[in-house]
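These are the residues of each chain, in order.
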Amino acid sequence: MLTPQAFFEAVQKVNNTTLTYAASPGMSGLIEAIQGYYKKLGVDLEPDDILITSGGSEALLLTYLSILDPYTEVIIPEPYYPNYTTFVHAAGGVIRALHTGPEEGYRYANKKRIESLITKNTRAIMITNPGNPTGVVLDEQEMRMIADIAKKNDLFLVCDEVYREFCYDDKYGVPCMARFRDIDDNLVIIDSVSKRFSACGARVGCVITKNKELQQAILKFCQSRLSVATLDQLGAAALYSVEPAYFKECKEIYRRRRDTVVSCLRKIPGVKVEMPMGAFYVMATLPVDDADKFQHWLLQSFDDNGDTVMFAPGAPFYETPGKGIDEVRIAYVRDEKELERAIEILAAGIARYRKEVMGE
């Protein structure tokens, strides 16, 4: 997807003679734009509820540095984005994995299983909705149940919602945990312009929370790094002015790509794949002994008319040793023809690998 021209036009209009620091919490124009965006989702935010960060990654890092002490715990459904491990460990924390897998469609909203992981050291539950790498989308009842667990146990609920607009079933609407106002003191929303507006190079995200104590803790880190890049903030503010038709078009494009990938994968003997309902990733189980080993072989010893293919091996998305060995994550971010060709190469690679390496 192309980045909306609004970003570049806003930057080109800058006529300053000096590029100065912005305010540490973020530029007022961007904060107002984010307030307006959430207002359309039915969520009222005060300016102090929003702290601008260098992407969603910094938002997560500053959140965990603020809420965790050494050896305190965060419950996260697996498989999950591997950098969550980096952020939690940087703060001295420990991840307690909520086990899911392909056998259950990667769904994790199970009250008993979540509560069984809570200990005296638990500080937070973290979810990604829609999910990376699984594409799982929580419905409102599942969101409410997880919110209730966090509230009952006085835990932070950290919600990574950067893929919010990418839900492919209308029953999910545009999910946002901030609509549950009774968990204001528990809730931390992680957001970003990167995925929503195809602007990954603009390192602009935000932490949203109404918890005043947490706001002050995160603000200290924002002050220590002075400010997020000024020009990126100006461009990001302009992105929030794009028309709703932009999101509709993006979603339809990614829906077609998703359908192409899943349809092609299901034609490969032995491949198992769930239909993702959100984001732009799919997890698939391949008929190979080790997906990482298979990936190395594809890159080093295989080609199909001069072409090969890359994916993300599944094991690094799991906290539990031994899980995801035969799984892969595929990002459907190319056009349909490229995706069809990629899966064609994958199918040829699987067939040859099973014969030459696995001896079948």
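Trainee: Looking at this structure, I do not really get the overall build of the protein chain. What am I missing?
Mentor: A tally of regular secondary structure across the protein chain gives 11 helices and 11 strands. Taken over C-alpha atoms, the radius of gyration comes to 21 Å for the protein chain, in line with the 21 Å a tight globule of 360 residues would show. Considering only C-alpha atoms, the protein chain reaches an extent of 60 × 55 × 35 Å along its principal axes. Out of the 360 residues in the protein chain, the part that is buried amounts to 54%. Considering only intrachain contacts with a sequence separation of at least 6, the fraction spanning at least 24 residues in the protein chain is 73%. Side-chain charges of the protein chain comprise 42 positive and 50 negative groups, with the mean position of each set lying 2 Å from the other.

Trainee: How do you make sense of the side chain of Asn186 when you look at a structure like this?
Mentor: Within the secondary structure layout, Asn186 lies in the loop between strand S5 (156-160) and strand S6 (187-192). Taking the relative accessible area as the measure of exposure, Asn186 reaches 7% and is therefore buried. Residues within four places of Asn186 in sequence aside, it is in contact with Ala150, Lys151, Asp154, Leu155, Phe156 and Leu157.

Trainee: Can you walk me through the nonpolar core in this structure?
Mentor: Side chains of a nonpolar character, in soluble globular proteins, are inclined to be buried together. Within the largest apolar cluster, 90 residues are counted, with the highest numbers of intra-cluster contacts made by Tyr38, Leu157, Met177, Leu265, Phe294 and Leu346. At 8 residues, helix H9 (residues 244-265) tops the list of elements feeding residues into this core. By size, the runner-up hydrophobic cluster in this structure holds 26 residues, among which are Leu51, Tyr64, Ile190 and Cys222.

Trainee: Which parts of the structure should I look at to understand the packing of helix H3 (residues 55-67) against helix H4 (residues 83-90)?
Mentor: How two helices pack is summed up by the angle between their axes together with the distance between the axes. Contact geometry for H3 and H4: axes closest at 8 Å, N-to-C directions at 35 degrees. Considering only the axes of H3 and H4, their crossing is right-handed. On H4, the residues touching Ser57, Leu60, Leu61, Tyr64 and Leu65 of H3 are Tyr84, Phe87, Val88 and Ala90. Each residue belonging to the contact of H3 with H4 can be placed in one class, and the counts come to 8 nonpolar, 1 polar and no charged.

Trainee: How should I be thinking about the packing of H9 against helix H11 (residues 336-356) in this particular structure?
Mentor: Where H9 contacts H11, the axes come no closer than 9 Å and their chain directions differ by 20 degrees. One element, H9, and the other, H11, form an angle in the roughly parallel class. Like other packed secondary-structure pairs, H9 and H11 cross with a definite hand, here right-handed. Contacts from Arg256, Arg257, Thr260, Val261, Cys264 and Leu265 in H9 reach Glu336, Leu339, Glu340, Ile343 and Leu346 in H11.

Trainee: Would you mind showing me how to read the pattern of salt bridges here?
Mentor: Close approach of charged atoms allows side chains of opposite charge to pair. Under the defined criterion, the tally for this structure stands at 25 salt bridges. Note that Asp182 is salt-bridged to Arg144, the shortest N-O span being 2.8 Å. Residue Asp182 is located in the loop between S5 and S6, and its partner Arg144 is located in helix H6 (residues 140-152); the two are separated by 38 residues in the primary sequence. Look at Asp182 and you get partly exposed, because its relative accessible area is 36%. With relative accessibility at 24%, the residue Arg144 sits in the partly exposed group. One salt bridge connects Asp307 with Arg341, and the closest N-O pair in it is separated by 3.1 Å. Here the residue Asp307 occupies a position in the loop between helix H10 (291-301) and strand S10 (312-313), and Arg341 occupies one in helix H11, the gap between them amounting to 34 residues. You can call Arg341 partly exposed: its relative accessible area is 23%. Look at the salt bridges and you will find they share partners, linking Glu161, Arg164, Glu165, Asp191 and Arg196 into a network.

Trainee: Before we go on, may I ask you to explain the packing of aromatic side chains in this structure?
Mentor: The geometry of an aromatic ring pair is captured by two quantities: the separation of the ring centres and the angle between the planes. According to the stated counting rule, one finds 20 aromatic pairs in the structure shown. The rings of Tyr37, Tyr38, Phe197, Tyr240, Tyr246 and Phe247 are connected pair by pair, giving a single aromatic cluster. Here the basic side chain of Arg144 rests over the ring of Phe180, its NZ or CZ set 4.7 Å away from the ring centre. Above the ring of Tyr254, the side-chain terminus of Arg257 is found at 5.1 Å from the ring centroid.

Trainee: Where do I start with the environment of Asp191 in this structure?
Mentor: Summarising the element assignment, Asp191 is placed in strand S6. Contact partners of Asp191, with chain neighbours within four places excluded, come to Tyr37, Tyr38, Gly56, Glu161, Val162, Arg164, Arg196, Gly205 and Cys206. A distance of 2.4 Å separates polar atoms of two side chains, one belonging to Asp191 and the other to Tyr38. Engagement of the side chain of Asp191 in a polar contact is seen with the side chain of Arg196, the distance being 2.9 Å.

Trainee: In this structure, what is going on with the sheet that holds strand S1 (residues 50-53)? I would like to understand it.
Mentor: Each strand in a sheet pairs with another by means of backbone hydrogen bonds, the pair being arranged parallel or else antiparallel. Strands sit in the order S1-S7-S6-S5-S4-S2-S3 across an open sheet of 7 strands; the sheet is mixed. Edge positions in the sheet fall to S1 and strand S3 (94-99), since each of these pairs with one other strand and no more. Strand-to-strand twist across the sheet, computed as the mean angle between neighbouring axes with direction ignored, equals 25 degrees. Strand direction decides the pairing type here: strand S2 (residues 73-78) and strand S4 (residues 122-128), joined by 3 bridges, are parallel. Across the sheet, the residue bridging to Glu73 is Thr122, located in S4. Here H4 sits on the sheet and contacts S2, S3, S4 and S5; the angle it forms with S3, its principal contact strand, is near 145 degrees. Of the strands in this sheet, S1, S5, S6 and strand S7 (205-208) are in contact with helix H7 (residues 212-224), which crosses S1 at around 25 degrees.

Conventions adopted
Residues numbered from 1 in each chain as written. Predicted model: local features only at pLDDT ≥ 70, side-chain atom pairs only at ≥ 80, totals over all residues. Heavy atoms only, no water. Helix = DSSP H or I, 4+ residues; strand = E, 2+ residues; numbered from the N terminus. Rg over C-alpha atoms; globule rule 2.2 N^0.38 Å. Buried < 20%, exposed > 50% of the residue type's maximum accessible area, 1.4 Å probe, protein only. Contact = heavy atoms within 4.5 Å. Lys, Arg positive; Asp, Glu negative; His and termini not counted. Charge placed at Lys NZ, Arg CZ, Asp CG, Glu CD. Core = buried A, V, L, I, M, F, W, Y, C linked by side-chain atoms within 4.5 Å. Axes fitted to C-alpha atoms, helices over the stretch in contact; angles between N-to-C directions. Left-handed = near helix turned anticlockwise from the far one by under 90°. Nonpolar A, V, L, I, M, F, W, Y, C, P; charged D, E, K, R; others polar. Parallel < 35°, antiparallel > 145°, perpendicular 65-115°, else oblique. Salt bridge = Lys/Arg side-chain N within 4 Å of Asp/Glu carboxyl O. Phe/Tyr/Trp six-rings, centres within 6.5 Å; stacked < 30°, edge-to-face > 60°. Lys NZ or Arg CZ within 6 Å of the ring centre and 35° of its normal. Polar contact = N/O pair within 3.5 Å; in protein donor to acceptor, adjacent residues only side chain to side chain. Pairing = 2+ DSSP bridges.

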